[in-house]
Amino acid sequence: MTGSDLGGRVIAVAGAGGPAGRAALRRFAEGGATVVGCDAHSERLDAAVAEARAAGQGATVTGEVVDLLDPEATRAWADRTVKEFGHIDGLVHLVGGWRGSKGFAQTALSDWELLEKLLVRTVQHTSLAFHDALRESPCGRFVLVSAKAAAEPTAGNAAYAAAKAAAEAWTLALADSFRKAEEGSGATAAATILIVKALVHDELRAQRPDAEFAGFTDVADLAEATAALWDRPAEEVNGTRLWLTPR
């Protein structure tokens, strides 16, 4: 393993069972962190945890099925994490979802209803649940993965782009909370947005061998960029949008 040393960090990953979540769990475990994953699907979460434990060679990696659409269940997960490990240094939000249409007039508001839950509510619930613990950490980080579509919405991407934009605004408000709480005492917590065009992983490449995936970000590179946030001062990354794809 090369790159950031995460020894001593306790990092929670929401949406740990998907491709990006698996890569994040693996990278954090390889870096020496204690990793706490959650997902709505037990089988894929179990596979992700087992893979990360093998890669981490002794790192503590746990997984728990949590309904992040339930604010009380989300807060209970945060409280259990702090109680078990004493502190929490990061929450990486990797809950995803996408819906699109042929054009603006064909947009189904049912798509918005779904994406608002997946991409906005889960951000709200996790950020509120982990806010105080991240603020109290000497290196707290909240990381949102967003999409270029939030800044450049297209006619067929209205629901997705709007949900991503809302999640970004919420995260920037969290960043302001961290900033105001630490005025005069030095910043330690940060909320950061990582922006991609879309994500790609080995399984997707195998399914579409002729695709170029131009401008896409590999999930391993996303995990590396996320880990690197603990190497940078909080005031440098708090409230910022870091682009992992060409603008």
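Trainee: Teacher, can you tell me more about the overall build of the chain here?
Mentor: On a plain count of helices and strands, the chain comes out with 8 helices and 9 strands. Scaling as 2.2 N^0.38, a compact globule of 247 residues should have a C-alpha radius of gyration of about 18 Å, and the chain matches this with 17 Å. Principal-axis analysis of the C-alpha atoms gives the chain an extent of 50 × 40 × 35 Å. Counting over 247 residues, the chain shows a buried share of 49%.

Trainee: Which parts of the structure should I look at to understand the packing of aromatic side chains?
Mentor: Pairs of aromatic rings are described using the distance from one ring centre to the other and the angle between the two planes. Counting across every chain of the model gives 3 aromatic pairs. Consider the rings of Phe28 and Trp230, whose centres lie 6.2 Å apart with planes at 75°: the pair is edge-to-face. Here the residue Phe28 occupies a position in helix α1 (residues 19-30), and Trp230 occupies one in the loop between α7 (219-227) and α8 (234-237), the gap between them amounting to 202 residues. This pair shows no difference in class: Phe28 is buried, exactly as Trp230 is.

Trainee: Help me understand the pairing of strand β2 (residues 34-39) in this model?
Mentor: Among the 6 residues of β2, 6 are classified as buried, and the element is accordingly described as predominantly covered. By the alternation rule, side chains of β2 split into Thr34, Val36 and Cys38 and Val35, Gly37 and Asp39, which are all buried. Sheet analysis places strand β1 (residues 10-14) next to β2, joined by 5 bridges and oriented parallel. Along β2, the bridge assignment pairs Ala14 with Cys38. In this fold, the crossover linking β1 to β2 by way of α1 has right-handed handedness. Bridge analysis of β2 against strand β3 (residues 61-65) gives 5 bridges, and the strand direction is parallel. The residue bridging Gly37 from the neighbouring strand is Gly63, located in β3.

Trainee: Before we go on, may I ask you to explain the nonpolar core in this structure?
Mentor: Among soluble globular proteins, nonpolar side chains are generally buried collectively. Ranked by internal contacts, the top residues of the largest apolar core, which has 35 residues, are Val13, Leu25, Phe28, Val35, Val92 and Leu94. Breaking this core down by element, the ones donating at least two residues are β1, α1, α2 (42-56), β5 (141-147), β6 (190-196), α7 and α8. Of all the elements, α1 adds the most residues to this core, at 6 residues. Counting residues in hydrophobic clusters, the runner-up holds 28 residues, among them Ala14, Leu91, Ala167 and Ala175.

Trainee: Please clarify how the packing of helix α4 (residues 109-136) against helix α5 (residues 158-181) should be interpreted in this entry.
Mentor: Each packed pair of helices is defined by two parameters, the angle between the axes and the distance between the axes. Closest axis-to-axis distance for the α4/α5 pair is 9 Å, and the angle between their directions is 10°. Considering their axes alone, α4 and α5 lie roughly parallel with respect to each other. For the pair α4 and α5, the sense of crossing is right-handed. Of the residues in the contact of α4 with α5, the class split is 17 nonpolar, 5 polar and 3 charged.

Trainee: Please clarify how the packing of α1 against α7 should be interpreted in this entry.
Mentor: At a closest axis distance of 8 Å, the pairing of α1 and α7 adopts a crossing angle of 50°. On the basis of their axis angle, the class for α1 and α7 is oblique. In this structure, the crossing between α1 and α7 has a hand that is right-handed. Seen from α1, the contacting residues are Pro19, Ala20, Ala23, Ala24, Arg27 and Phe28; seen from α7, they are Val219, Ala220, Leu222, Ala223, Glu224, Thr226 and Ala227. In the contact of α1 with α7, the residues fall into 10 nonpolar, 1 polar and 2 charged.

Analysis parameters
Residue numbering note: each chain is counted from 1, following its sequence as written. Two thresholds apply to this predicted model, a pLDDT of at least 70 for residue-level local features and 80 or more for giving and counting side-chain atom pairs, whereas whole-chain, interface and lining totals are computed over all residues. As a convention, hydrogens and water are excluded, and side-chain values are obtained from all of the structure's heavy atoms. Under the DSSP-based scheme used, a helix requires at least four consecutive residues in state H or I and a strand at least two consecutive residues in state E, with every element numbered from the N terminus. For a compact globule the rule gives 2.2 Å times the number of residues to the power 0.38, and the radius of gyration it is set against comes from C-alpha atoms. When accessible area is computed with a 1.4 Å probe and restricted to protein chains, residues below 20% of their type maximum are described as buried, those above 50% as exposed, and intermediate ones as partly exposed. Only rings of Phe, Tyr and Trp enter the pairing, Trp through its six-membered ring, and a pair is recorded when the two centres are within 6.5 Å. The plane angle decides the type: under 30 degrees is stacked, over 60 is edge-to-face, the rest tilted. Only when DSSP finds a minimum of two bridges between them are two strands counted as paired. Look down the strands so they point away from you; if going from the first strand over the helix to the second traces a clockwise path, that crossover is right-handed. Put simply, buried Ala, Val, Leu, Ile, Met, Phe, Trp, Tyr and Cys residues joined by side-chain atoms within 4.5 Å make one nonpolar core. Axis lines are fitted through C-alpha atoms, for helices just across the contact stretch, and the angle between N-to-C directions can take any value from 0 to 180 degrees. Roughly parallel means an angle under 35 degrees; roughly antiparallel, over 145; roughly perpendicular, 65 to 115; everything else is oblique. A clockwise turn of the near helix away from the far one marks a right-handed crossing, whereas an anticlockwise turn of less than a right angle marks a left-handed crossing. Throughout this entry, Asp, Glu, Lys and Arg are counted as charged residues, while Ala, Val, Leu, Ile, Met, Phe, Trp, Tyr, Cys and Pro are counted as nonpolar. The remaining residues, Gly among them, count as polar. We call two residues in contact whenever any of their non-hydrogen atoms come within 4.5 Å of each other.

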